[in-house]
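One-letter residues, chain by chain:
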Amino acid sequence: MKFTLIICIILAESFFGEVGGQIPECTESDLHYTYTECDADKSRWRVYVPKSSTKCYVGSPKPPVQGPPCDKSCDAGRYLDVAGDQDCIDCPAGTYSVGNGVRYDQWDSLPKEFTVVSNGLRLSLKSLSKAQCEASVDTWVAQGPYLEGVPSDCNKDLSITTELITDGSLTIRYRNTLDMLGIVQVKSLCQSTAKSVLGDFEGITPLKKSKSSGFDITEIDMKPGKNKITFSLLGLNSAAPGNKFIIQSIEIKGMGFSTECTPCKPGFYSSIGSSHCTRCGANTYAPLSRSVSCKDCKEDEFSPPGAKECKPRPPCTESDYYASIAPCVNGTTYETYQWLDNKYCNDKHADSVILPKSGGSKECPSCNPGESLADDGTCEYCAEGQASDGSQPCESCPIGTEARKSKTFIHFDVMPSGLYPGCIKLADGGSFCDKQSTWVPKGDYIQVSDDIRALDFAVLNINNSHFANRTLDGRVYGKLVIRFNLTCDPADPCIFYLMQEDSVELRVVGSWNATTTTVYMHNFTSPDVKLISIAFRKSSKAANYLSSNTLSISELRLINTVSGGATECTPCVLGSSAAGEGCHSCAVGEIVVTNNVTNKKVCKKCPANYIAQDSFTCIPCGPGLVNNEDHTMCVSDCQFAYDGMKFDLSSLSGAQTFAGANMFTADGTTFHHNFNFVLCSGATKGLSKPPHVTCINNATIDSYYRVRDCQGCLGKLL
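Residues numbered from 1 in each chain as written. Predicted model: local features only at pLDDT ≥ 70, side-chain atom pairs only at ≥ 80, totals over all residues. Heavy atoms only, no water.

Moving on: the overall build of the protein chain. Counting its secondary structure elements, the protein chain contains 3 helices and 60 strands. Per-residue burial for the protein chain yields a buried fraction of 41% across its 718 residues. Nonlocal contacts in the protein chain, meaning residues at least 24 apart in sequence, comprise 64% of its contacts between residues at least 6 apart. Within the structure as shown, the protein chain displays about 37900 Å² of accessible surface, and the carbon and sulfur contribution to it stands at 52%. (Helix = DSSP H or I, 4+ residues; strand = E, 2+ residues; numbered from the N terminus. Buried < 20%, exposed > 50% of the residue type's maximum accessible area, 1.4 Å probe, protein only. Contact = heavy atoms within 4.5 Å. Areas by Shrake-Rupley, 256 points an atom, 1.4 Å probe, with all protein chains shown as cover.)

Written as structure tokens, this is what we have:
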């Protein structure tokens, strides 16, 4: 009965595909093998039918053949040979197969299987209608090597519906640097659920914020049947720059065997039995789909990775090479020149610049402020308590000043030792590359080199363990000053981020995306800042391989650091003279004064009957008081004058005691009070501190206590 039904379906589709019309008989090229739907026994049949039933009819249909079980699958790199013995065989070179599923990892455009629909959720405080949300900028943008989720005013879901015949899985390779939450929901369409994505939490998996470079991988189990996969970005869009949600690949397994392999697109290639296509390297290309290898560009041509054609190399300019300066010897050095690592220009072009010859003695470049020239010819930070403007040797700071450290960069003849250049490759999941050539020193400034391509970030880091505990103005622990020039073509968007990293996260503190020349200052209200990072992306379009956008920096200052060098000696901040605070203060009881002859700061003891109020001020003692030995306290000297009479109370100096009269308690017990006191301290005897007096209560056991400042109190009475 089942076999008869299949034959009837085939005959109906073959002979009655076009009512009332004449249909030619099919040729071999018009026919192909396929399988029927799985029946209740999970079996199927192989049938030979037209590729399009409206074109021709089957004159001599081949009988159906029992097919493999519906749950049969092939390994990655293989497919089911439907036309042959119905077994798994290797994919031909130039193609690939995931096996029992599908993989999306090439994002030149959004694959036709995906849909992007507004879910009505507002991600900003703007009042927008549903129609305005539908017309707003897409949340999901194909960038070639990855799919980018961009926060917008209205959220839009990315969805795909797929049917699994076995238990399967969804594997996502992604990177999330959003302040918002990324989620993926896998919902079975075989169940009766009418709730929306935002109102139904069935099958939701959070795609949390990435904590390191590289791609995160999340795998989710899926059940047989139809499933809808939906990606959403949730939360209020704060418009914080740097927010990215990048999907490198989406792989779905459980769809059964593949009856054919997927061709590699131009710019990619594969060998026999491949599970993926490989991108062509730089200066190679693959012009056609199903390529088995990449071809080399001609000598006067170049190409970016993944190219389907080569382009003529432009003439070389000064931006295509960089200089390296050898260590200084006896105050001189020499330069060597070399082309950028990713050189794409034609140095043989008639209009090309010539690479300068290496050698030629020249004066050593200036050190940056806070540094001085070491014996080996390199610049090194000044030692603790010393300062320099970079042109002179480091000198110790005078008394009453302190050497507040900073990291200052204003000379860029070479890459300063405190700066760490590199790049972030978003297509590789944000992996970091340590490359000196990503930034080119230009003497008065440093500039992003042409080694950086579209989509990648040029990075410049300043390490900072933390700021000094002494604040700059009470609540500011550190300060960043940056002078830069940013050139961005409005038709070719670029972005410049300024970021700080603490013990919690890396956060953006400033961003620019238009041509700008400015000095920007940022205050840090916490000492816990470990890293300052500058990141610049030339272009947000993968095709703009030769973008002219650029960033140059002529000044960088990170102020009040615990490492680095002091650029000058500054007056001590009041209260900063405690041990370990960095202030070169005087001894106890001394103040800082300026020597009229040498014009240098020196320490001086406060005069008689004066005490040191702080590092710069002496104040007089009151009537009847003199200074103690170290000029830190005013005390009585046991000499007292009143109404023309002078009293010498020296015999009463120090602690004195006398007993009160006998007294009686209610039960007749007798007791008396002992009075211990200090009338004057006898400073003339060399006492630097007033003595203590001890009070004893013999009514209870061990009830002793010492009293301070008795003499002080009596002194005020005098």
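A few words on the side chain of T166. Checked against the element boundaries, T166 lands in the loop between β11 (154-164) and β12 (168-176). Those residues in contact with T166, other than ones at most four positions away along the chain, are D71, K223, P224 and G254.

Our focus in this paragraph is the packing of aromatic side chains. Counted according to the given criterion, the structure contains 16 aromatic pairs. Relative to F231, the ring of W140 lies with its centre 6.5 Å away and its plane at 65 degrees, an arrangement referred to as edge-to-face. Here W140, found in strand β9 (residues 140-142), pairs with F231, found in strand β16 (residues 225-234); they are 91 residues apart in sequence, far enough to count as distant. The same class applies to W140 as to F231, namely buried. One aromatic cluster in this structure is built from W140, Y174, F231 and F245. R46 extends its terminal NZ or CZ atom over the ring of Y33, reaching a point 4.2 Å from the ring centre. Over the face of the ring belonging to W339 we find K343, whose NZ or CZ atom lies 5.3 Å from the ring centre. (Phe/Tyr/Trp six-rings, centres within 6.5 Å; stacked < 30°, edge-to-face > 60°. Lys NZ or Arg CZ within 6 Å of the ring centre and 35° of its normal.)

This model, assessed by the stated rule, comprises 14 salt bridges. Across the pair D108 and K265 runs a salt bridge, and its minimum N-O distance is 1.8 Å. Note that D108 is positioned in the loop between β7 (101-104) and β8 (114-122) and K265 in the loop between β18 (262-263) and β19 (268-269), a separation of 157 residues in sequence. Take D108: its relative accessible area is 54%, and that puts it in the exposed class. By relative accessible area, K265 is classed as buried at 18%. Residues K112 and E113 are paired through a salt bridge, measuring 3.5 Å at the closest nitrogen-oxygen approach. Looking at K112, the relative accessible area reads 77%, which means it is exposed. In this structure E113 comes out as partly exposed when scored by relative accessible area, which is 37%. Each of R103, E251 and K253 takes part in one network of salt bridges that share partners. (Salt bridge = Lys/Arg side-chain N within 4 Å of Asp/Glu carboxyl O.)

Turning next to the state of the cysteines. Taken as a whole and judged by the stated rule, the model has 13 disulfides. Sulfur-sulfur distance for the disulfide between C91 and C261 comes to 2.0 Å. In this structure the cystine formed by C91 and C261 twists about its S-S bond by roughly -85 degrees; its chirality is therefore left-handed. Here the residue C91 occupies a position in the loop between β5 (88-90) and β6 (95-96), and C261 occupies one in the loop between β17 (245-253) and β18, the gap between them amounting to 170 residues. Each member of the pair, C91 together with C261, is buried. Note that C316 is cross-linked by a disulfide to C345, the S-S spacing being 2.0 Å. (Disulfide = S-S within 2.5 Å.)

Attention shifts here to the sheet that holds strand β3 (residues 65-66). The 3 strands are arranged β1-β2-β3 in an open sheet whose pairing can be described as antiparallel. Where the open sheet ends on each side, the last strands, each with one partner, are β1 (31-35) and β3. Strand direction decides the pairing type here: β1 and strand β2 (residues 45-50), joined by 5 bridges, are antiparallel. Of the residues in β2, the one forming a bridge with T34 is V47. (Pairing = 2+ DSSP bridges.)

Further remarks concern the nonpolar core. In terms of nonpolar packing, the biggest core is built from 32 residues, with W439, L486, F496, I534, L551, I553 and L556 touching the most fellow members. Put simply, the parts of the chain that give this core at least two residues each are β37 (446-448), β38 (457-463), β39 (478-487), β40 (495-501), β43 (531-537) and β44 (550-559). Filtering out sequence-adjacent residues up to four positions away, F496 remains in contact with I482, F484, L486, G510, S511, W512, I534, A535, F536 and L551. Judged by nonpolar contacts, the second largest core, of 23 residues, contains I160, I172, M222 and I252. (Core = buried A, V, L, I, M, F, W, Y, C linked by side-chain atoms within 4.5 Å.)

This part takes up the environment of D451. Looking at the element boundaries, D451 is found in the loop between β37 and β38. For D451, a relative accessible area of 4% translates into the label buried. D451 sits 107 residues away from Y344 along the chain, and the two C-alpha atoms are 9.2 Å apart.

Another point: unusual backbone geometry. Positive phi, normally seen in glycine, also occurs at Q86, with a value near 60 degrees. Take Q86: it is sitting in the loop between β4 (78-80) and β5. Residue class for Q86 comes out buried when judged on its relative accessible area of 13%. For R290, which is not glycine, the phi torsion reads 65 degrees and is therefore positive. What makes R290 partly exposed here is its relative accessible area of 48%.

It is worth spelling out a nonpolar patch on the surface at this point. On the surface, Y642, M645 and F647 cluster together into a nonpolar patch covering about 320 Å² of accessible area. Position of Y642 relative to the elements: it lies in strand β53 (residues 639-642). (Patch = residues over 30% accessible without salt bridge, like charges linked within 9 Å, V, L, I, M, F, W, Y side chains within 5 Å.)

This paragraph deals with the sheet that holds strand β26 (residues 332-339). Taken in spatial order, the 3 strands make up an open sheet running β25-β26-β27, and their pairing is antiparallel. With one partner strand each, in any of the chains shown, β25 (321-325) and β27 (359-363) form the two edges of the open sheet. Neighbour to neighbour, the strand axes of the sheet diverge by 40 degrees on average, direction disregarded. Sheet topology note: the β26/β27 ladder contains 3 bridges and is antiparallel. Residue T333 lies in a different strand from β27, and its bridge partner there is K362. (Axes fitted to C-alpha atoms, helices over the stretch in contact; angles between N-to-C directions.)

The subject of this paragraph is the confidence of the model for the protein chain. Interpreting fine coordinate detail is not advised for predicted regions of low pLDDT. On average, the protein chain scores 79 in pLDDT, and the residues at 70 or more come to 81%. No element of the protein chain has a lower mean pLDDT than helix α3 (residues 710-717), which averages 30, and none a higher one than strand β22 (residues 295-296), which averages 96. The low-confidence segment residues 1-20 (pLDDT under 50) makes 23 contacts with residues lying over four places distant or belonging to another chain. Low pLDDT (under 50) marks residues 192-199, which in the prediction has 14 contacts with non-local residues, meaning those over four places away or in another chain. (pLDDT = per-residue confidence, 0-100.)

The next point concerns the pairing of β38. When you tally the buried positions in β38, you get 6 out of 7 residues, the bulk of the element. The pairing of strand β34 (residues 420-425) with β38 spans 5 bridges and is classified as antiparallel. The partner of P421 across the bridge, within β38, is L460. Bridge analysis of β38 against β43 gives 7 bridges, and the strand direction is antiparallel. Paired with F457 across the strands is R537, a residue of β43.

Counting through the fold element by element, K405 comes out in strand β33 (residues 405-409). Sequence separation between K405 and G385 is 20 residues; the distance between their C-alpha atoms is 9.1 Å. Once residues within four sequence positions are removed from consideration, K405 is found in contact with E384, I559, N560, T561, V562, S563, G564, G565 and A566.

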